[in-house]
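The lines below spell out each chain.
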Amino acid sequence: MNENIKTKVVGIDIGVSETNIAVVDLRGAILARDTIKTTDYATVDAFITGLSEHVVSLAESTGGYDTVRSVGVCSPSANFQTGCIENASNLPWKGVIPLAAMLRDRLGLAVALGNDAHATATGEHVYGSAHGMQNFVVISLSHGGVGSCIFTNGHPHLGSTGSAGEFGHCCVVEDGRLCTCGRKGCLEEYVSDRGIVRTARELMESSDEPSLMRDLPELTPMTIGACVDQGDAMAQEVYRRMGFYLGLGLANYATITNPEAIILTGELTETSKWFVEPMKASFDEHVFGNIRGKVKLVVSQLDNSERDVLGASVLAWQVKEYSLFV
Ligand SMILES: [Zn+2]
């Protein structure tokens, strides 16, 4: 084989607690992977140093650094157009961080940076439920919050400043719960981990009705769901409300974008058996009549951490190869 042909890329998924790194070949096979703790690095400089060391050693273990073409990174609050992480509320480093340029300078490789929802949707498009689709929406229901990405005619719609798809911060309740973004009534305050737990607390405080939830040592989406499985009416109401708001948000989304499918991804889809029915009922109730029954609502079948590094690796293939001379 011509030794100048670069046959691999590196995909990096920066998460709130962990950062996953993978070397991926031309077919999308993960050749090696590694994980570092995002929270171990107080400054972004220290993070870039630690990350670069792991990228180099992973590359050396899979045929050599010279065979790596480029790097794709996804992160919360990342902007594909600027290559910057912009004011991420849930990462340790504040402000606007030119992460793509910093990592490129350290590694001497081209670096593409996309937000996590963009990489997730790209992973679903190439390897998952959206394979072969042109117009679809991918929703990320993750521990940190709710994101999304829209694909139109086979391409992501990123918006005029790269901030399209902030689904979690659509207002669904007038003067509702205070959101981490500073506004009130945002969707993610009703359908995220903390939203589900807050609904459970509010229901318990508003009545004296018995509920298995009152005896739980810790309220989490999973422990509340276990109460649903035991027939607990109040726990069922928690998930009915979660499904209602999610279905309402998705109906508005579908009414505007007319997608072939909406694909649900992220850790919170592990609770989907408790919210899918009320979500679909709410979706049908609120969606515009001409597209009712024509949008597939699908839960992703891919492993979340694997899909996101694969999605990041697709971004790596799309970036122009780095050269000092152009
Ligand atoms: Zn918000």
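Quick caveat: nothing in here was measured; it's all calculated off a predicted structure. (Residues numbered from 1 in each chain as written. Predicted model: local features only at pLDDT ≥ 70, side-chain atom pairs only at ≥ 80, totals over all residues. Heavy atoms only, no water.)

Participant: Just checking my understanding: could you explain the coordination of the zinc ion for this structure?
Facilitator: In an ideal octahedron of six donors the angles at the metal are 90 or 180 degrees, and in an ideal tetrahedron of four donors they are 109.5 degrees. Here the zinc ion is held by the protein donor atoms His169 (ND1), Cys179 (SG), Cys181 (SG) and Cys186 (SG), which lie 2.1 to 2.3 Å from it. Each of the 4 donor atoms bound to the zinc ion contributes to angles spanning 105 to 120 degrees, and the resulting shape is tetrahedral. Written as a sequence motif, the donor residues of the zinc ion are H-x9-C-x1-C-x4-C. Taken as a pair, His169 in the loop between strand S11 (155–157) and helix H4 (188–191) and Cys179 in the loop between S11 and H4 lie far apart in primary sequence, 10 residues in all. Its relative accessible area of 5% is what places Cys179 among the buried residues. (Donors = N, O, S within 2.8 Å, 3.2 Å for Na, K, Ca; no water. Tetrahedral: all angles 85-135°; square planar, octahedral: opposite > 155°, others 65-115°. Helix = DSSP H or I, 4+ residues; strand = E, 2+ residues; numbered from the N terminus. Buried < 20%, exposed > 50% of the residue type's maximum accessible area, 1.4 Å probe, protein only.)

Participant: Quick question: what am I supposed to make of empty space enclosed by the protein here?
Facilitator: In this approach, a probe sized like a water molecule rolls over the atoms, and the result shows the empty space that is left. Inspection of every chain in the model, using the stated rule, returns 1 cavity of 30 Å³ or more. Looking at the largest cavity, the residues that line it are Ala78, Phe80, Asn115, Ala117, His118, Ser148, Cys149, His157, Leu158, Gly162 and Ala164. Elements with a minimum of two residues in the lining of the largest cavity: helix H3 (116–127) and strand S10 (146–152). Grouping the constituent residues of the lining of the largest cavity by class yields 6 nonpolar, 5 polar and no charged. (1 Å grid on protein atoms, 1.4 Å probe; cavity = no way out; pocket = protein on both sides within 12 Å on 5 of 7 lines; lining within 4 Å. Points joined across faces, edges and corners; volume = space filled by probe spheres on them. Nonpolar A, V, L, I, M, F, W, Y, C, P; charged D, E, K, R; others polar.)

Participant: Mind showing me how you'd approach the pattern of salt bridges here?
Facilitator: Pairs can form between side chains of opposite charge whenever their charged atoms are close. Applying the stated rule across the entire model yields 14 salt bridges. The salt bridge partner of Arg69 is Glu321, with a shortest N-O separation of 3.9 Å. Highlighted residues: Arg69 in strand S4 (residues 68–75) and Glu321 in the segment after helix H9 (304–318), separated in sequence by 252 residues. Residue class for Glu321 comes out partly exposed when judged on its relative accessible area of 37%. Close ionic contact of Arg198 with Glu202 constitutes a salt bridge, the shortest N to O distance being 3.5 Å. In this pair, Arg198 and Glu202 are both assigned in helix H5 (residues 193–205), 4 residues apart and thus about one turn of the helix distant. (Salt bridge = Lys/Arg side-chain N within 4 Å of Asp/Glu carboxyl O.)

Participant: When you look at the packing of aromatic side chains in this model, what are you seeing that I'm missing?
Facilitator: The geometry of an aromatic ring pair comes down to the distance between the two centres and the angle between the two planes. One pass over the structure, following the stated rule, counts 7 aromatic pairs. Measuring from ring centre to ring centre gives 4.9 Å for Tyr190 and Tyr245, while their planes differ by 45 degrees; the resulting arrangement is tilted. Here Tyr245 lies in helix H7 (residues 233–257) and Tyr190 lies in helix H4, a separation of 55 residues in the sequence. A network of ring pairs unites the aromatic residues Tyr41, Phe47 and Trp93 as a single cluster. (Phe/Tyr/Trp six-rings, centres within 6.5 Å; stacked < 30°, edge-to-face > 60°.)

Participant: Help me understand the sheet that holds strand S1 (residues 8–14) in this model?
Facilitator: The strands making up a sheet associate through hydrogen bonds between their backbones, and the pairing can be parallel or antiparallel. Spatially, S3-S2-S1-S4-S8 is the arrangement adopted by the 5 strands of the open sheet, whose pairing is mixed. Each edge of the open sheet is held by one strand with a lone partner, namely strand S3 (30–37) and strand S8 (110–115). Recorded for the sheet is a direction-independent mean angle of 15 degrees between the axes of neighbouring strands. Lying on the sheet, helix H2 (residues 99–107) is in contact with S1, S4 and S8; it crosses S8 at an angle near 155 degrees. Here H3 sits on the sheet and contacts S4 and S8; the angle it forms with S8, its principal contact strand, is near 100 degrees. (Pairing = 2+ DSSP bridges. Axes fitted to C-alpha atoms, helices over the stretch in contact; angles between N-to-C directions. Contact = heavy atoms within 4.5 Å.)

Participant: Can you walk me through the layout of surface pockets in this structure?
Facilitator: Computed from the structure, the largest pocket encloses a volume of approximately 1200 Å³. Looking at the largest pocket, it is lined by 44 residues, and the ones nearest its centre are Pro76, Ser77, Asn90, Asp116 and Ser142. Going through the elements one at a time, S1, strand S2 (18–25), strand S5 (78–79), H3, S10 and H9 are the ones with two or more residues in the lining of the largest pocket. If you tally residues by element for the lining of the largest pocket, the top one is H9, at 4 residues. Split by residue class, the lining of the largest pocket holds 8 nonpolar, 26 polar and 10 charged.

Participant: Would you explain the side chain of Asp193 in this entry?
Facilitator: Mapped onto the secondary structure, Asp193 falls in helix H5. Arg194 provides the closest opposite charge to the buried, salt-bridge-free Asp193, at an N-O distance of 7.5 Å. With residues up to four places along the chain from it excluded, the contact list for Asp193 reads Ser142, His143, Pro221 and Leu268. (Lys, Arg positive; Asp, Glu negative; His and termini not counted.)

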